[in-house]
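# An overview of the molecular structure
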Amino acid sequence: MRIGILGTGTLAEGLGRGWSQAGHELVIGGRSRARADALAERLGGTAHAATPRDAVAGCDAVLLAVLWAGIEEILSSAGAAEGTLAGVPLIDPTNAVEHGVGVLLPERHAAADRTAACAPGAHVVKAFHLFAADQWTRRPADGGHDVPTPTVAICGDDAAALHVTSELIRDVGGEPAVLGPLSRARQLEEVAGFVIGLAFAGFDPASAVPHIQTGTVSR
């Protein structure tokens, strides 16, 4: 696939490295062309830098790898309001969460709803918002055979976009779990706040979630 990456931070690099190793073509676009050029050089392979607008042109999927506060700016630079992302799977891993506390910022809607509003016609999929960037560089192929497969909860309204996102999750060693439509994005973002809050308080978030064997839940 040809994947556009909007952003040049750690998540852009972590997922970009995994996708590059899986054979995908990457086009990096960010606020700083110098940082986009540097990231493309580090990723190597078929990765190259471009303007945000050119980075999303002709892509099979686009990753929105920016901080929550930068959503509107980067999507505007990509021409999203003009329909450049219409019909394209737009993967949104952003969290509108107060750093170090985990409390969601006082928004009435999910960050994914804001993304959808800024990119009319795009098929937004909430995904990759719970794990640190280095999760996607610790793969069994690199000798980490004891690394468990992470379950990546996702939600979205378009079946084809969910399928594309699921394939990209598998390409970096994850297992996709479709939670439902994009209306459930707020729930996923609340979980991120829960995890971040516990982690910064010094607790293992996994220890706060009961372990339930698959198939044992009563209906």
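Here the structure is a predicted model, which means the values were calculated and not measured.

Conventions used here
- Residues numbered from 1 in each chain as written.
- Predicted model: local features only at pLDDT ≥ 70, side-chain atom pairs only at ≥ 80, totals over all residues.
- Heavy atoms only, no water.
- Helix = DSSP H or I, 4+ residues; strand = E, 2+ residues; numbered from the N terminus.
- Buried < 20%, exposed > 50% of the residue type's maximum accessible area, 1.4 Å probe, protein only.
- Contact = heavy atoms within 4.5 Å.
- Areas by Shrake-Rupley, 256 points an atom, 1.4 Å probe, with all protein chains shown as cover.
- Phe/Tyr/Trp six-rings, centres within 6.5 Å; stacked < 30°, edge-to-face > 60°.
- Pairing = 2+ DSSP bridges.
- Axes fitted to C-alpha atoms, helices over the stretch in contact; angles between N-to-C directions.
- Arc of directions from axis to C-beta.

### Side note on the overall build of the protein chain
Of regular secondary structure, the protein chain possesses seven helices and eight strands. The burial tally for the protein chain puts 45% of its 219 residues in the buried class. Within the protein chain, contacts between residues at least 6 apart in sequence are counted, and of these 70% link residues at least 24 apart. Per element, the accessible surface of the protein chain, about 10800 Å² overall, is 54% carbon and sulfur.

### Things to note about the packing of aromatic side chains
For the coordinates displayed, the defined rule picks out three aromatic pairs. Measuring from ring centre to ring centre gives 6.0 Å for Trp19 and Phe128, while their planes differ by 75°; the resulting arrangement is edge-to-face. Of this pair, Trp19 sits in helix 1 (residues 10-21) while Phe128 sits in the loop between strand 6 (123-126) and strand 7 (151-156); the two residues are 109 residues apart in sequence, bridging distant segments of the chain. Neither Trp19 nor Phe128 differs from the other in exposure class; each is buried. Residues Phe128 and Trp136 carry aromatic rings whose centres are separated by 5.3 Å and whose planes lie at 85° to one another, so their mutual orientation is edge-to-face. An identical accessibility class is assigned to Phe128 and Trp136; each is buried.

### Section: the environment of Ala55
Within the element layout of this structure, Ala55 appears in helix 3 (residues 52-56). Once the C-alpha coordinates of Ala55 and Leu6 are considered, the two residues, 49 residues apart in sequence, prove to be 7.4 Å apart. When sequence neighbours within four positions are dropped, the list of residues in contact with Ala55 reads Gly4, Leu6, Val27, Ile28, Gly29 and Ala50.

### Brief notes about the sheet that holds strand 7
Ordered in space as 3-2-1-4-5-6-7-8, the eight strands form an open sheet in which the pairing is mixed. Bordering the open sheet on either side are strand 3 (48-49) and strand 8 (175-180), each of which pairs with just one other strand. Judged from the four bridges that link them, strand 1 (residues 2-6) and strand 4 (residues 61-64) form a sheet pairing that is parallel. Counterpart to Gly4 in the pairing with strand 4 is Val62. Against the sheet, helix 7 (residues 185-200) contacts strand 6, strand 7 and strand 8, and its axis sits at roughly 145° relative to strand 7.

### Structural notes on helix 5 (residues 111-118)
Every buried residue of helix 5 is listed here: Ala111, Ala112, Arg114, Thr115 and Cys118. Down the axis of helix 5, the buried side of the element spans an arc of 155°, and every buried residue falls inside it. For helix 5, the secondary structure elements touched by its buried residues are strand 4, helix 4 (71-77), strand 5 (89-92), strand 6 and helix 7.

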